[in-house]
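Given next are the chains, with one letter for each unit.
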2 protein chains.
Amino acid sequence: MSGSPLLNELIEALRCLPGVGAKTAQRMAFHVLERDRGGASRLADKLAAAVERIGNSKRCRTFSEEAVCTLCANPARDAQLLCVVETPVDQLAIEQATGFRGHYFVLLGRLSPLDGLGPRELGLDLLAARLAEGQVRELIVATNPTVEGEATAHMLSQLARQAGVRATRLAHGVPLGGELEFIDRGTLAHAFGGRLSI
Amino acid sequence: MSGSPLLNELIEALRCLPGVGAKTAQRMAFHVLERDRGGASRLADKLAAAVERIGNSKRCRTFSEEAVCTLCANPARDAQLLCVVETPVDQLAIEQATGFRGHYFVLLGRLSPLDGLGPRELGLDLLAARLAEGQVRELIVATNPTVEGEATAHMLSQLARQAGVRATRLAHGVPLGGELEFIDRGTLAHAFGGRLSI
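Everything quoted here is computed from the prediction, not taken from an experiment.

K.L.:
Go over the overall build of chain A, please, and point to the residues and values.
P.N.:
From N to C terminus, chain A includes eight helices and six strands. When the helices and strands of chain A are placed in sequence order, the string is α-α-α-β-β-α-β-α-β-α-β-α-β-α. Relative to a compact globule of 198 residues, whose C-alpha radius of gyration would be 16 Å, chain A shows 22 Å and is clearly more extended. By its C-alpha atoms, chain A is 65 × 45 × 35 Å across when sized along the principal axes. The 198 residues of chain A split such that 45% are buried. Taking as baseline every contact in chain A between residues at least 6 positions apart, the subset at least 24 positions apart corresponds to 48%. Accessible area for chain A stands at about 10,800 Å²; split by element, carbon and sulfur atoms hold 55% of it.

Structure below.
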């Protein structure tokens, strides 16, 4: 323990961050105190503001400090395309990796009855109402390729069919830079079955 | 970019922490918002308090929110032993690894004229006054075994001699768990020269 109780408390508090253990927390605390007090102050302000003000967008359920997030409110985005993801992180990954210019809907989870996550918790009533508005032409299902994600995808495709909207899924296949030798059987079978003409 | 400007600002602010890049900052921001808002609030409070209140102890120059740190103020510690280290992190490392129960003096740097770090910046006048008090019997020099650390150690030993105080250094030698084959020549020469009877 250092000679400063407040410093010890700061080190302990830093451990709420993922992947930060005792040693890393120490290094972070000493670093900001020695070299970047301005950055630490700014971080304290942003953390406090984020915790207090960031809730979920009413329209797409992603993180937002406004009732409707800036992506939903942006008139330049294509309202005919709606991409459904499990979490805000997935949304950000798609936003950063692809040129997708449509809207998103965030489930904040996946179908998992044992964890108490059913259609209501995933906001599927909100999604059904959105599809019923009639603007959406294509529902892009981008849930994770896990058992629960697949079950969720199945339910979403049924929802789309009921609303008369076309549902699509992300393609499964060989990842770029992967070697066939090391790819799991399920993925390889998917990639083989879904082969495209060149 | 996510649909929340405040979230983007939080991600940016998290990058002031050492070893935190864009991806890690994202993961941290989403993690605290999704799972640990209490922890994030506490961290914001501690960061703000630390930046505002933690300065340097007047007696030993380590980080402290009081004029004199809790280690200096602790009457149970042995005032005859004074260990000189370069930084508060070094102090913490010694405190955690050893059973040392004496006092510390933190230089907040090492002798480095090119960086403008001379005896005055290292607080050597404060240290000389401390030695002149007459309580200290042994000055343990625990600067780093670098060129600058060695120069600092040399100056500290002169200071101790002037005050009639015994100066000691941390032992150099083979680290525990090391293999002779892979140890650098300087260390091996030190270890050989300083061999002990068993």
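After that view, the rundown keeps rolling.
K.L.:
Outline helix H1 (residues 5-14) of chain A, supporting the account with residue identities and numerical values.
P.N.:
Working note: α-helix, 3.6 residues per turn, so residues spaced by three or four point in the same direction. The buried count for H1(A) comes to seven of 10 residues, which makes it a mostly enclosed element. Burial in H1(A) covers these residues: A:Leu6, A:Leu7, A:Asn8, A:Leu10, A:Ile11, A:Ala13 and A:Leu14. Turning to H1(A), the residues buried within the fold contact helix H2 (22-35) of chain A together with helix H3 (37-53) and strand S2 (63-64) of chain B.

K.L.:
Any details on the environment of B:Ser64? Residues and values, ideally.
P.N.:
Counting through the fold element by element, B:Ser64 comes out in strand S2. Sequence spacing of B:Ser64 and B:His103 is 39 residues, and the spatial spacing of their C-alpha atoms is 14 Å. Non-local contacts of B:Ser64, meaning those with residues more than four positions away in its chain, are made with A:Ser4, B:Arg53, B:Ile54, B:Gly55, B:Asn56, B:Ser57 and B:Cys69.

K.L.:
Run through the pairing of strand S3 (residues 78-85) of chain B, naming residues and quoting values.
P.N.:
Residue and element names in this part refer to chain B. Inspection of the sheet shows S3 paired to strand S4 (residues 102-106) by five bridges, in the parallel sense. Looking at S4, one finds that Asp78 is bridged to Gly102. Once you follow S3 into helix H5 (residues 88-97) and on to S4, the crossover reads as right-handed. With four bridges joining them, S3 and strand S5 (residues 138-141) adopt parallel strand pairing. Bridge pairing in S5 places Val84 opposite Val141.

K.L.:
Report on the domain arrangement of chain A, specifying residues and quantitative values.
P.N.:
Domain annotation of chain A identifies domain 1 (11-53) and domain 2 (76-169). Between the C-alpha centres of domain 1 of chain A and domain 2 of chain A the distance comes to 34 Å.

K.L.:
Residue-level account of the nonpolar core, with values.
P.N.:
Formed by 50 residues in total, the largest nonpolar core has its most connected members in A:Leu17 and B:Leu17. Only H1, H2 and helix H3 (37-53) of chain A together with helix H1 (5-14), helix H2 (22-35) and H3 of chain B provide two or more residues apiece to this core.

K.L.:
Go over the side chain of B:Thr143, please, and point to the residues and values.
P.N.:
All names here are of chain B. For Thr143, the location among the structural elements is in the loop between S5 and helix H7 (147-163). A distance of 3.0 Å separates a polar atom in the side chain of Thr143 from the backbone oxygen of Gly149. Contacts of Thr143, omitting those with residues within four sequence positions, involve Val84, Glu86, Leu107, Gly149, Thr152, Ala153, Leu156 and Arg169.

K.L.:
Help me get a handle on the state of the cysteines, residues and values and all.
P.N.:
Considering all chains together, one arrives at zero disulfides over all chains under this definition. Free cysteine: A:Cys16, not disulfide-bonded; nearest cysteine sulfur from B:Cys16 at 13 Å. Of all cysteine sulfurs, the one in A:Cys72 lies closest to A:Cys69, which takes part in no disulfide; the gap is 3.7 Å. Owing to a relative accessible area of 1%, A:Cys69 belongs among the buried residues under this scheme.

K.L.:
Quick rundown of the interface of chain B and chain A? Include the residues and the values.
P.N.:
Across the boundary between the two partners, chain B contributes 51 residues, which contact 52 residues of chain A. Carbon and sulfur atoms supply 72% of the area that chain B and chain A bury against each other, a total of about 5,100 Å² over both sides. Seen at the junction of chain B and chain A, the total is two salt bridges. Between B:Glu9 and A:Lys46 there is a salt bridge; the shortest N-O distance is 2.7 Å. Connecting chain B to chain A are 12 residue pairs in polar contact (both at pLDDT 80 or more). Of all the elements in the fold, those that place two or more residues in the side of chain B that touches chain A are H1, H2, H3, S2, helix H4 (70-73) and H5 of chain B. Tallying contributions element by element places H3(B) first for the side of chain B that touches chain A, with 13 residues. Per-class residue counts for the side of chain B that touches chain A are 30 nonpolar, 11 polar and 10 charged.

What counts, and at which threshold
Residues numbered from 1 in each chain as written. Chains lettered and ligands numbered in written order. Predicted model: local features only at pLDDT ≥ 70, side-chain atom pairs only at ≥ 80, totals over all residues. Heavy atoms only, no water. Helix = DSSP H or I, 4+ residues; strand = E, 2+ residues; numbered from the N terminus. Rg over C-alpha atoms; globule rule 2.2 N^0.38 Å. Buried < 20%, exposed > 50% of the residue type's maximum accessible area, 1.4 Å probe, protein only. Contact = heavy atoms within 4.5 Å. Areas by Shrake-Rupley, 256 points an atom, 1.4 Å probe, with all protein chains shown as cover. Pairing = 2+ DSSP bridges. Right-handed = clockwise from strand over helix to strand, strands pointing away. Domains from an automatic or database assignment. Core = buried A, V, L, I, M, F, W, Y, C linked by side-chain atoms within 4.5 Å. Polar contact = N/O pair within 3.5 Å; in protein donor to acceptor, adjacent residues only side chain to side chain. Disulfide = S-S within 2.5 Å. Buried area = accessible area lost by both parts, 1.4 Å probe. Salt bridge = Lys/Arg side-chain N within 4 Å of Asp/Glu carboxyl O. Nonpolar A, V, L, I, M, F, W, Y, C, P; charged D, E, K, R; others polar.

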